[in-house]
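An overview of the molecular structure
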Amino acid sequence: MAQIPNLDNAPINLISIREQSQKELINILKNIRGKKCLVIDPKLGDSLSLIIQTSLLKEHGVELRHLSADHIQTDCTKVVYLVRSQPNLMRHICSNIHHDESKGLQREYHVYFVPRRTVVCEKVLEEEKLHNMVTIGEYPLYIVPMDEDVLSFELDLAYKECQVDGDTSSLWHIAKAIHKLEFSFGVIPNLRAKGKASVRVADILNRMQAEEPVNSSDMVMPEINTLILLDREVDMVTPLCSQLTYEGLLDEFLNIKNGSIELDASIMGLQQEGEKTKVPLNSTDKLFKEIRDLNFEVVVQILRQKATSMKQDYTEMTTTSQSVSELKDFVKKLNSLPEITRHINLAQHLTTFTSKPSFLGQLDMEHTIVESQSYDICFDYIEELIHKQEPLTTVLRLLILFSVTNSGLPKKHFDYLRRELLHSYGFEHITTLNNLEKAGLFKKQESRSNWLTIKRALQLVVEDTDTANPNDISYVFSGYAPLSIRLIQHAIRSGWRPVEEILKLLPGPHLETKRGAFSNSPSFDSLSGVSTGIAKVPDGRRALVLVVFVGGVTFAEISALRFLCSQEGMAYDLIIATTKIVNGQTLVETFMEKLG
Amino acid sequence: MANVSVAAEWQLLYNRYYRKPELYPMRWKHVDLARHKVAGAPFGGPVAVIRDDSKIVQLHAESALRKLRLFNSAGHPLADAVWRHPGGRLIGMSWNDDLTLVCVVQDGTIYRYDLHAQLVEPNISMGKECFEQNVADCAFWGNGVVCITEQNQLFCIPDFRNPKPVPLADPMIDEPPRCIAVIEPQYTMSGNVEVLLGVADDPVVLVVEEDGVQRLGEGLLRGPLQKMVVSRDGKWLASFTHDGRLLVTTSDLTGIIIERECEADENLRLIKPSLPEAVEACVDASGHEFDVSRQRTLLRAASYGQAFCSNFQRDRIQEMCKILRVLNAVRNPEIGIPLSIQQYKLLSPSVLIGRLINAHRHLLALRISEYLGMNQEVVIMHWACSKITASLSIPDATLLDILLDKLKLCKGISYAAVAAHADKNGRRKLAAMLVDHEPRSSKQVVPLLLSIGEEDTALMKATESGDIDLVYLVLFHIWQKRQSLEFFGTIQARPLARDLFITYARCYKHEYLKDFFLSTGQLQDVAFLLWKESWEFVKNPMASKGSPLHGPRIKLIEKAQSLFAETKEHVFESKAAEEHAKLLRIQHELEVTTKQAIFVDSSISDTIRTCIVLGNHRAAMRVKTEFKVSEKRWYWLKVFALATIKDWVALEKFSKEKRPPIGYRPFVEACIEADEKAEAIKYIPKLADPRERAESYARIGLVKEAADAASQAKDGELLGRLKLTFAQNAAASSIFDTLRDRLSFPGAS
C-alpha cells in the first residue's frame, strides 16, 4: 500500500529509523518459529501501518488479529500479543487466555510490549496468575516517521494523562525517543523549552545523557543543531481554531488517520457504490506536497488553473497540428491528471462542508473569541449551541477556546453553563467537565486574562492577510497567527531572551541551555544564524532544528512551520516531532469520559 | 657477562636445558611436608597445608586440633582456621580457578575456603551415594572435582559455580584404581569431563565418561600404570609405569610422544648469533630471570647492543622493564607470588590485580593498575567493600568520609554497589548515605534502595528520574510491605506516586481506591466513584432486576450526593447528583405511565423532547418546572420537537402563545432544517435583525427577498456574500469544464 510514506528527501536519515523498526519486528516474528497468530492492539496497528506492510508480516507466518475482549479465533497454537504497555489492555489479554483455559486449549503465549515492558502491566498479569504462562518481550518502537519532516511518538493520550491523571509516562517516552535519535545523529547542542512538561522532558533527557551518554567524541558534528520543546498547554488557542489550510481542513472534516483518509468511493469518482476507499496523503503525492500547506481558498484557485490550462492544451491539441515534442509535453502533463483529479474530487467534497452556514458561523465565532472583544456575544452563541444540543465536541471546542482566552469564566457563568450542559447532554458528562476543569481548560476565573496582552505583543491577529501571497504565518488561519508557531519563530530567530516578558505570561517555566561536548563551544552560540551565518553546516545544507510538540500539533501548525522554512534568509531546516497529530475535535475527545 | 655459576645451574634433560632455581627459602616454621596434606595453587598462588589425618604422626608442641593453614609462595602465613568438620577424613584438597580452596571429606561433603581461611557457605554435597559408600579418592581440575567411592563408583561436579553432582558410568572394577587423572571438560570432544583410571593388573587405561567407559592403550602399555598426570592443555599424558619408566603419550593413548616429537629450536644455536638476535635473547632472558641483579645485567647488555642495531624495536626493552617491575613487585616475599613471565602473560594483568585485591594488597594493586594504565575502579571498589567489612567499630559518618576520599579518585564508580555491600554488612544507614552520592539515579539504584529498606529515598529517586516504571516498582513494593493506612499516608505525601496509584486502582482496585479516598478525606472522589458505580447497574441488568424503581442505583447516587454535600467546594456536583436521582425517578414514572422504556438515561432536554414528541405536553411541562428549565432552552426544545413530528399547526400556535423570549429564530431554523419553505416564510418576516432575515431568505432560495433585506441592512459585505451564494451553476460539456465548475467555492473568486 502506498500508505508508507516516501522518506527519501528527509533532512535526516529517517529511512534507517524505519528500517530498524521493521527489522526489530521481523526478528521478533522470526524468533517464534512456525505459524503464529499476531494479536495487535488496534491503535498500535494503525501506527504500524506506517512502518511495515501487512504482506511482509504474512510472509513470516503471521495470522493477523486485533486485540479485543472477544476471544481469539485461530488454529495457531502460538499467540503473539503486540500491545502498547497500557494496563487497561492487559484486561483483554487476560480474558483471552482465561477463555482458552476454560476451553482446554493449550497455547503458547507471547506478550511483546511497546515500547517496553512495565511493572504495572506485569502486575496485572501476575494478579491474574498468568505471568508464568506468558513469555514477555519488548518491541522498542518509540518513533514513527509520518512524513519526510514529521515524526510522531504516537502518544494520543499524552496531554490528558499529564494534565488530568498526573501520569507523566509520556514525558519519559519523549525523552527516550529523542535520546535514541541522538544515538544516531549526535547530541543536540542547543536546547530551548517552554512549558512544565517540556522543561521536564529536557531534564529527563539530560539525566539519560548523564546515565547513558551518547559518545560525542566520534561524532564530528551533530546533525541536529537545536531542539525546541513546546507544551501544548502553552497554546491551547490554536488547536481549537478551525484549520484553514488544505491538509488541515481535510483533517477537520475527513479525519486524516496515519497519513490517509477513508471516504466513499463515489466521492473519488470511483464506480463501487457504497464502498469505502482509502486515499493516502503524504509528500509522495507531488501535487499534494505542493498544495497541502496552502490556504484552502488558494488551493481551489490553483486546481482551477491547472484544470483550465489542461483544457486549453487539449483544445490546442485537437484544433491545431502539433509537433512531436509538443505532443510529448502534453502527454507528460496528462500523467499528472490522476493527481489533479484526485485533489479536485477532494476539494469539491470539502466545499460541501466549508460552504455550510454553520461552519461559517463557527469560523466567525472563533475569530470573535480570539479577538476577545465581545464577551456577551460569545457567551450567548455558546449557550445557544447547548440549547440546540449541537454535537458536544463542537460545543466544548468553542467553550474551551472561550474559557482559555478569558482564563476561565466567572463562577456564575461557569456553573450555569455546566448545568446547561448536564441538562442537555446527560449527567454522565460530569466526568468530562471534571477532566476539563482539572486540565484548566474549562474552569472558574481566578485571575485576569493575559490573552489581550499576548495577542498584541506577539501580533497574533494580522489584518489584511493575503492568503494567496502570504508574508506571515497568519495565512493558515486567514488572519490569526498561531501562538505556538510565533513562539518558535522567536526561539529560532533570537532565542527566548527578547520574548522573556511574554513567556512569563504563558503557563509553565522556560529553559534555554547548551548540552554535550558543545556546552562550552562559542561557535554554537545561540541561534543567531540569520545574521552571522555561522549555523550553516559546511556542506552547504542548512542547520537542522527539531521542534517537539508535547501534547500534540495540528496540520495547520506544521504548515506554518514549513512556510517559515521556505522563507528567504531562513538559516534552518525544520523537522517536527509530536506526541500525536491532533485537531480541535480529537484533542477535546481525549478529555471526554462518560460515567456510564 | 657469561658467568660460570649461572651456566652451572642448567641441566640437560633429553634435548633441552632446564634449571630449578630456589625462589624463596620458605619462611614457615614447623611444617614437615611429610606429615601434611598440601595443596599449592598454580600461578604462584598460595599454599594450603593441613596435618594429614590418614597418617599416624607424633604431635610436637602443638594443639591436638588440626589447623588449616594458608601461606603465600614464600611461606609467609596468610591465614589459618581450626578444622573441626564432621564427615570423616579429609580425602583431598585443591585450589580452583578463582582461588577457592576445595576440601573433600569422606562422606562426600565439600568445604570451601577463601584466601582468608573463611569458610564459604554453603557446603556442597557429592550426593547420597557418596555419603553411603564413602569417598575413597578424588581428582580436581580448575573448576571441578571427580570422586571415586569405596565401591568404585564415580561422581563428579563439572563446575563449582553450579555445584550439582553428576554420576559417571560404572567402570565395573572390583579393586580401587591404582591411579586417577582427569581431562578437563574444555579439552574433551564431548565437552564433558573424562576420567582416566589406571587399573590394577591390566595394561590399559579406562576412560570413564557420563555415558560410557572405554579402554585405551591396549598394546601400547606393557603393564599397569602407577601414576598419571595430564598436561595443562589436556593433550598429553605423562605416566609412571609399573617398571619405573616415564612415559609421555597423547592423552588418548594412541601414540608414545617422547620418541616421536624430537624437533628442537636448535636452529638458533646453530646459526652464528647475529647482534639483533643476541639483543633479543638478552631481553627474553631478563624476562625469565628471577634474580633482580641478573635482570639488570641482561637488560643493560641488551640496551648496549641495541644501540648498534638499526632495526631493533626499542620499545621491546621498555616493555620488558615494565613487566619486570610488576613481576618483581609481586615476587617480593611479603607478597609472595613467584610468577614466571609465561605465567604472568597467561594470567593477564587484570587477573593478577584480582588476586592481589583478593589478598587485600590494595595499595599494590592500585599502583600496578595505575602503572599499567588500567581502570582502577575494580581495586577501589574492592577496597571500599573490604574497608566496610573490616571497620565495624568506625561510626558511619567517619567511615563515609574515609570511603568518599578514595571513591572520588575514580570517576563513574558505582556508589550503589558499595552501598549494597554496606547494607549486606548490616550498615543500612551508611548504605543510604552512600547512595545519596550516587549520581546515577535509576535502574540500579532504585531496586537497591528498596532492598535495603530505604523506600522513601527510593520513591524520591524514582520520581526524580522521570521513569514512571520505576515509580510503579517502588509503589507496588511499598504497597505490599505496609499496612493500608501507612501506605496511604506515604503516597498521599507524594503527588506522582499518588496519581499513579489512583490511575492503576481506577482500573483494577475500585474498592481499595474508595478506602484510600476515605482515609485521606477526599469525599468528593468517593462520591464520583459511587456515581460511576450507579451506571454499572445499567450495564448489568441482573443487578437491577426485581426493583422497578432502580432502588439501589438511586441510593448510590444519593449517597454520592450527600458525600459531595459534605465538602464546601462541591455544591455544584451535589446539586447535579440530586437532580440526577430526581430525573431517574421521574423517568421511571414516565416509563410506567407511557409503558415505553425509552426515558431512563436520557438527558433532561431529551426527556422533554420525547414527551413532546409523544404528545404528552403536561409531562414535558412538569419536567421543565421540576428542573427549572429556562424559557430560552424550553423554546428551542419545544420548537425542534414539534418540527420533528412536523406538527406545524402546533408550532404556529406555540409561536403565538406569547412573544418568544429569544425571538423567532428557532422557528425559522427548525422549518428550514425540515425543508419546509412555506412554514419558514411565516416566521422570517418576524425576525428582528434584517441581516438574519436576508440570510434566512437566501437559505431558502428567495433571491429578491434576500436582496431586499440585505439592502435594508446596508451591509455591503453581506450583499457580496449572498451574491456568491447564488453564483453556483453547473453546466458542463467537457470533462475539463466539469472539473472546473465543480470547484465553485464561496469566496474563491
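Residues numbered from 1 in each chain as written. Chains lettered and ligands numbered in written order. Predicted model: local features only at pLDDT ≥ 70, side-chain atom pairs only at ≥ 80, totals over all residues. Heavy atoms only, no water.

The name recorded for chain B in an unreviewed UniProt entry is Protein VACUOLELESS1, from Arachis hypogaea. The record held by UniProt for chain B lists under Sequence similarities (unreviewed entry) the comment "Belongs to the VPS16 family." (UniProt positions renumbered as here; feature names shortened; annotations may be inferred.)

As recorded by an unreviewed UniProt entry, chain A carries the name Vacuolar protein-sorting-associated protein and is attributed to Arachis hypogaea. Per its UniProt entry, chain A bears the Sequence similarities (unreviewed entry) comment "Belongs to the STXBP/unc-18/SEC1 family."

1. Focus on the overall build of chain A
Regarding its fold elements, chain A presents 24 helices and 14 strands. Against the compact-globule benchmark of 25 Å for 596 residues, chain A has a radius of gyration of 26 Å, which places it among compact chains. Considered along the principal axes of its C-alpha atoms, chain A spans approximately 75 × 70 × 60 Å. Taken across its 596 residues, chain A has 56% of its residues classed as buried. For chain A, long-range pairs separated by at least 24 residues make up 78% of all intrachain contacts whose partners lie at least 6 apart in sequence. Put simply, chain A shows about 24,300 Å² of open surface, and 49% of that area lies on carbon and sulfur atoms. The averaged location of the 77 negative side-chain charges in chain A is 3 Å from the averaged location of its 65 positive side-chain charges. (Helix = DSSP H or I, 4+ residues; strand = E, 2+ residues; numbered from the N terminus. Rg over C-alpha atoms; globule rule 2.2 N^0.38 Å. Buried < 20%, exposed > 50% of the residue type's maximum accessible area, 1.4 Å probe, protein only. Contact = heavy atoms within 4.5 Å. Areas by Shrake-Rupley, 256 points an atom, 1.4 Å probe, with all protein chains shown as cover. Lys, Arg positive; Asp, Glu negative; His and termini not counted. Charge placed at Lys NZ, Arg CZ, Asp CG, Glu CD.)

2. Notes on the interface of chain A and chain B
Taken together, the contact between chain A and chain B spans 64 residues of the former and 62 residues of the latter. Between chain A and chain B, roughly 5,800 Å² of surface is buried when both sides are summed, and carbon and sulfur atoms account for 58% of that area. Across the chain A-chain B interface, the total number found is 8 salt bridges. In this structure, the salt-bridge partner of B:Arg665 is A:Glu384, at a minimum N-O distance of 2.2 Å. The tally of links from chain A across to chain B stands at 23 residue pairs in polar contact (both at pLDDT 80 or more). Residue contributions to the side of chain A that touches chain B peak at 11 residues, all from helix H11 (residues 296-319) of chain A. Looking at the side of chain A that touches chain B, its residues break down into 22 nonpolar, 19 polar and 23 charged. (Buried area = accessible area lost by both parts, 1.4 Å probe. Salt bridge = Lys/Arg side-chain N within 4 Å of Asp/Glu carboxyl O. Polar contact = N/O pair within 3.5 Å; in protein donor to acceptor, adjacent residues only side chain to side chain. Nonpolar A, V, L, I, M, F, W, Y, C, P; charged D, E, K, R; others polar.)

3. Overview of the confidence of the model for chain B
Residue and element names in this part refer to chain B. With 88% of its residues at a pLDDT of at least 70, chain B reaches an overall mean of 83. Below a pLDDT of 50 lies the segment residues 261-272, which in the model reaches 4 contacts outside its immediate sequence neighbourhood of four places, other chains included. Low pLDDT, under 50, characterises residues 728-749; the predicted model gives this stretch 36 contacts beyond four residues in sequence or across chains. Quick note on the complex model: pTM equals 0.73, ipTM equals 0.91. (pLDDT = per-residue confidence, 0-100.)

4. Some remarks on a nonpolar patch on the surface
A cluster of nonpolar side chains, B:Trp10, B:Leu12 and B:Tyr17, forms an exposed patch at the surface whose accessible area comes to about 330 Å². Since its relative accessible area comes to 51%, B:Leu12 is described here as exposed. (Patch = residues over 30% accessible without salt bridge, like charges linked within 9 Å, V, L, I, M, F, W, Y side chains within 5 Å.)

5. A short note on the domain arrangement of chain B
Accessible area lost upon the coming together of the parts serves often as the stated size of an interface. Residues and elements named next belong to chain B. Parsing chain B into structural domains produces domain 1 (24-153), domain 2 (168-261) and domain 3 (697-748). Contacts between the two partners involve 10 residues from domain 1, matched on the other side by 14 residues from domain 2. Overall, the association of domain 1 and domain 2 removes approximately 980 Å² of surface from exposure, summing both partners, and the carbon and sulfur fraction of that is 68%. Its largest share of buried area at the contact with domain 2, domain 1 owes to Trp141, Val146 and Asn152, together 53% of the area lost on that side. The interface formed by domain 1 and domain 2 contains 3 residue pairs in polar contact (both at pLDDT 80 or more). When contributions to the side of domain 1 that touches domain 2 are tallied by element, the ones reaching two or more residues are strand S11 (135-141) and strand S12 (144-149). (Domains from an automatic or database assignment.)

6. A word on the sheet that holds strand S13 (residues 154-157) of chain B
All names here are of chain B. What the 4 strands build is an open sheet, ordered S11-S12-S13-S14; its pairing is antiparallel. Of all strands in the sheet, those with a lone pairing partner are S11 and strand S14 (166-167), marking the two edges. In the sheet, S13 pairs with S14 via 2 bridges, with the strands oriented antiparallel. Residue cysteine 156 lies in a different strand from S14, and its bridge partner there is valine 166. (Pairing = 2+ DSSP bridges.)

7. Overview of the domain arrangement of chain A
All names here are of chain A. Partitioning chain A into domains gives domain 1 (14-141), domain 2 (146-237 + 469-518 + 536-588) and domain 3 (246-355). A separation of 32 Å is found between the C-alpha centroids of domain 2 and domain 3. On the domain 3 side, the residues contacting the 12 residues of domain 2 number 13 residues. Note on domain 2 versus domain 3: buried area summed over both sides is about 1,200 Å², and carbon and sulfur give 36% of it. Linking domain 2 with domain 3 are 4 salt bridges. Two residues, arginine 562 and glutamate 247, come together in a salt bridge whose shortest N-O distance is 4.0 Å. The interface formed by domain 2 and domain 3 contains 10 residue pairs in polar contact (both at pLDDT 80 or more). When contributions to the side of domain 2 that touches domain 3 are tallied by element, the ones reaching two or more residues are strand S6 (144-147) and helix H23 (555-566). The element that contributes the greatest number of residues to the side of domain 2 that touches domain 3 is H23, accounting for 3 residues. Taken together, the residues of the side of domain 2 that touches domain 3 break down into 4 nonpolar, 3 polar and 5 charged.

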